[in-house]
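# Descriptive analysis of the structure
Residue strings, one per chain:
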Amino acid sequence: MSVSLLQVAGFMLSALGTFLIASATAMDMWSIEDRSFTVVTSIYAYYGLWYSCVGTEYGTTQCRPYFTILGLPGLFQGVRALMIVGIVLGVIGVLIAIFALKCLRMGNMEDRVKATMTITSGAMFIVAGICAIAGVSIFANLIVTNFALTSFTSVGGFGGSFGSTGFVGYTFGAALFVGWVGGGILLVAGVMLCLACRGMMPENYDGTAYKAASIYRSEAKSKTYNESHRGQSMDGRHSTQRFDYV
């Protein structure tokens, strides 16, 4: 696979991964009520990072935002922070990767600069993917650990005391799978861009070829100097005697 194709593929995957983790962050179905544990199945609740919703089998939904920040658990706020950091790094990495494309010429930008920008964006995508996967995994662990969830308290706290109003089972929502896929795609895109950076570095960047050329020129100059300062004998023939001029 050529360097340009590898770089373009990594860029497209990074844009897709950033879009997926942003979509997962905005989705409301991070945890959804498992209706196998309830008698009334026509009404169910589901929760996201920003809203709590109640839906019916007839397609009607009603959502309300979380009216508190201090009342939310620390892990829940940590998931929010990780997802936001992943989105910010992904967006910045996409902007850098656009200008670092080898097929896109902008002024007199050297390949060495483009290679540096490529590896920078690749590292940002790897960190963004790790943040997204970590945030989704923490939320999934929260669901598994607190399998008996309850609805929100009257002040809008996310967890309150889990299981205080009866056993309500919650399972993974669609947003978790979207976030996992998006984070994985960002990791793959970051690795591809880091690999493309190695092929974008100039071959003579280490200075080896320039050093050999300079040695050759110095030897030629020394030889010319030695030949030009040979003396001549009385009969016009060159002698091996050398003169030093002060």
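Here the residue numbering is sequential within each chain, running from 1 through the sequence in written order. For this predicted model, a pLDDT threshold of at least 70 governs which residues receive local features, and a threshold of 80 or more governs which side-chain atom pairs are given and counted, while totals over whole chains, interfaces and linings are taken from all residues. Each side-chain value is derived from all of the structure's non-hydrogen atoms; neither hydrogens nor water enter the calculation.

An unreviewed UniProt entry annotates the protein as Claudin of Astyanax mexicanus. On record in UniProt, under Sequence similarities (unreviewed entry), the comment for the protein is "Belongs to the claudin family." UniProt positions are given in the numbering used here, feature names are shortened, and annotations may be inferred rather than shown by experiment. According to the UniProt record, the Function (unreviewed entry) comment for the protein is "Claudins function as major constituents of the tight junction complexes that regulate the permeability of epithelia."

## Side note on the UniProt feature "transmembrane region" (unreviewed entry) in the protein
Feature annotation in UniProt assigns "transmembrane region" (unreviewed entry) to the following positions: residues 81-101, 122-149 and 169-195. Put simply, DSSP marks the helices as runs of H or I at least four residues long and the strands as runs of E at least two long, and each gets a number from the N terminus on. Here residues 169-195 is 81% helix and 15% strand, with 45 Å between the C-alpha atoms at its ends.

## A short note on the packing of helix H1 (residues 3-26) against helix H2 (residues 74-99)
All axes here are fitted lines through C-alpha atoms, helices being fitted over the stretch that makes contact, and every angle between N-to-C directions spans 0 to 180 degrees. Direction vectors running N to C along H1 and H2 enclose 155 degrees, while the axes themselves pass 9 Å from each other. With respect to their mutual orientation, H1 and H2 come out roughly antiparallel. Of the two possible hands of crossing, H1 and H2 adopt the one that is left-handed. Every residue of H2 that contacts H1 at Phe11, Ser14, Ala15, Thr18, Ile21, Ala22 and Thr25 is listed here: Met83, Gly86, Ile87, Gly90, Val91, Val94, Ala97 and Ile98. Roughly parallel means an angle under 35 degrees; roughly antiparallel means over 145; roughly perpendicular covers 65 to 115; every other angle is labelled oblique. Crossing handedness: left-handed means the near helix sits turned counterclockwise from the far one by under a right angle, and right-handed means the same turn made clockwise. In what follows, residue pairs with any heavy atoms lying within 4.5 Å of each other are defined as contacts.

## Here's the deal with the state of the cysteines
Any two cysteine sulfur atoms lying within 2.5 Å of each other are counted as a disulfide. Throughout the structure, instances matching the rule amount to one disulfide. Across a sulfur-sulfur distance of 2.0 Å, Cys53 and Cys63 are joined as a disulfide pair. Taking the sign of the S-S torsion, 110 degrees for the link of Cys53 and Cys63, the bridge is right-handed. You can see Cys53 sitting in strand S3 (residues 51-56) and its partner Cys63 sitting in strand S4 (residues 61-65), a full ten residues away along the chain. Sulfur of Cys194: no disulfide; nearest cysteine sulfur belongs to Cys197 and is 7.3 Å away.

## Some remarks on the pairing of S3
Strand pairing is assigned whenever DSSP identifies at least 2 bridges connecting the two strands. Across five bridges, the pairing between strand S2 (residues 43-47) and S3 is antiparallel. In the strand pairing of S3, Ala45 is matched with Val54. Hairpin connection from S2 to S3: three residues lie between these consecutive antiparallel strands. Bridge count for S3 against S4 is five bridges, and the pairing is antiparallel.

## Concerning H2
The terminal C-alpha atoms of H2, which comprises 26 residues, lie 38 Å apart, in line with the 38 Å expected from a rise of 1.5 Å per residue. To sort residues, take the accessible area from a 1.4 Å probe on protein chains only and compare it with the maximum for the residue type: under 20% means buried, over 50% means exposed, and anything in between is partly exposed. If you check which residues of H2 are buried, you get Phe76, Val79, Arg80, Met83, Gly86, Ile87, Gly90, Gly93, Val94 and Ala97. On its buried face, H2 is in contact with H1 and helix H3 (111-145). To estimate the expected span of a helix, count its residues, drop one, and scale the result by 1.5 Å.

## Details of the environment of Phe125
Structurally, Phe125 is set in helix H3. The sequence separation of Phe125 and Gly93 amounts to 32 residues, and the corresponding C-alpha distance is 6.4 Å. Not counting chain neighbours up to four residues away, the residues in contact with Phe125 comprise Ser14, Thr18, Gly90, Gly93, Val94, Ala97, Leu186, Leu187, Gly190 and Leu193.

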